[in-house]
Amino acid sequence: MTFDVIGFELKNNKAWIQEDLLVRYPDESIGLKLENVIDFYQTLTTTEPIKLTNNINLPQKALPGRYTVTITIRDKNSGKQLKEQRFFYVTASEGQKKEEKNKDIKSETMQKSTEPSPAGPRTIFPPAGQ
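Calculation criteria
- Residues numbered from 1 in each chain as written.
- Predicted model: local features only at pLDDT ≥ 70, side-chain atom pairs only at ≥ 80, totals over all residues.
- Heavy atoms only, no water.
- Pairing = 2+ DSSP bridges.
- Helix = DSSP H or I, 4+ residues; strand = E, 2+ residues; numbered from the N terminus.
- Axes fitted to C-alpha atoms, helices over the stretch in contact; angles between N-to-C directions.
- Core = buried A, V, L, I, M, F, W, Y, C linked by side-chain atoms within 4.5 Å.
- Buried < 20%, exposed > 50% of the residue type's maximum accessible area, 1.4 Å probe, protein only.
- Contact = heavy atoms within 4.5 Å.
- Salt bridge = Lys/Arg side-chain N within 4 Å of Asp/Glu carboxyl O.

1. Re the pairing of strand β6 (residues 80-90)
Pairing geometry for strand β5 (residues 65-75) and β6, over eleven bridges, is antiparallel. By the bridge assignment, I71 is partnered in β6 with E84. Where β5 folds back onto β6 in an antiparallel hairpin, the turn is made up of four residues, including G79, whose phi is positive at roughly 80°.

Here it is in structure tokens:
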């Protein structure tokens, strides 16, 4: 995620911006919570927009669905803060789709076979006359 920060205050020609990041999974559980993930403290000559970037790496088997990202940006010089919420979507990978299909097939097969299995070993005799 990349975004521009505007309207910040300079003190002694320095900008001081901090950011917190919270990611919620589709089931609303917290997947990632980082405080001061960005702590931007630099001397600037103008108040042109500051470009900030976050890289969010999800687990390889991240569940498909809608993820919620909450970003809190604090201007430490002015004491002001801004909280923004954004959404992104994860779709199932081909591997996950195949896994789900295989689970469905196994589940369906298990439901169809309702005949009781014989208990213990069985002895099969050859046909009479052999």
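2. Things to note about the sheet that holds β5
Taken together, the four strands give an open sheet; going across it, the order is β3-β2-β5-β6, and neighbouring strands pair in antiparallel fashion. Of all the strands in the sheet, just β3 (30-43) and β6 have a single pairing partner and so form its edges. Going across the sheet, the axis of each strand differs from the next one's by a mean of 15°, ignoring polarity. Sheet analysis places strand β2 (residues 14-24) next to β3, joined by ten bridges and oriented antiparallel. In the strand pairing of β3, K14 is matched with T43.

3. Some thoughts on the nonpolar core
Ranked by size, the top nonpolar core spans 18 residues in total, and within it V5, F8, I17, F40, I50 and L52 carry the most contacts. Not counting chain neighbours up to four residues away, the residues in contact with I50 comprise F3, D4, V5, F8, A15, I17, F40 and L44.

4. Focus: the pattern of salt bridges
For the structure on display, the rule yields three salt bridges. D4 is paired through a salt bridge with K51; the nearest N and O atoms lie 3.2 Å apart. One end of the pair, D4, is in strand β1 (residues 2-5); the other, K51, is in strand β4 (residues 50-53), with 47 residues separating them in the sequence. According to the relative accessible area criterion, D4 is partly exposed, its value standing at 46%. The shortest N-O distance in the salt bridge between E84 and R86 comes to 3.0 Å. On the accessibility criterion, E84 (31% relative accessible area) is partly exposed.

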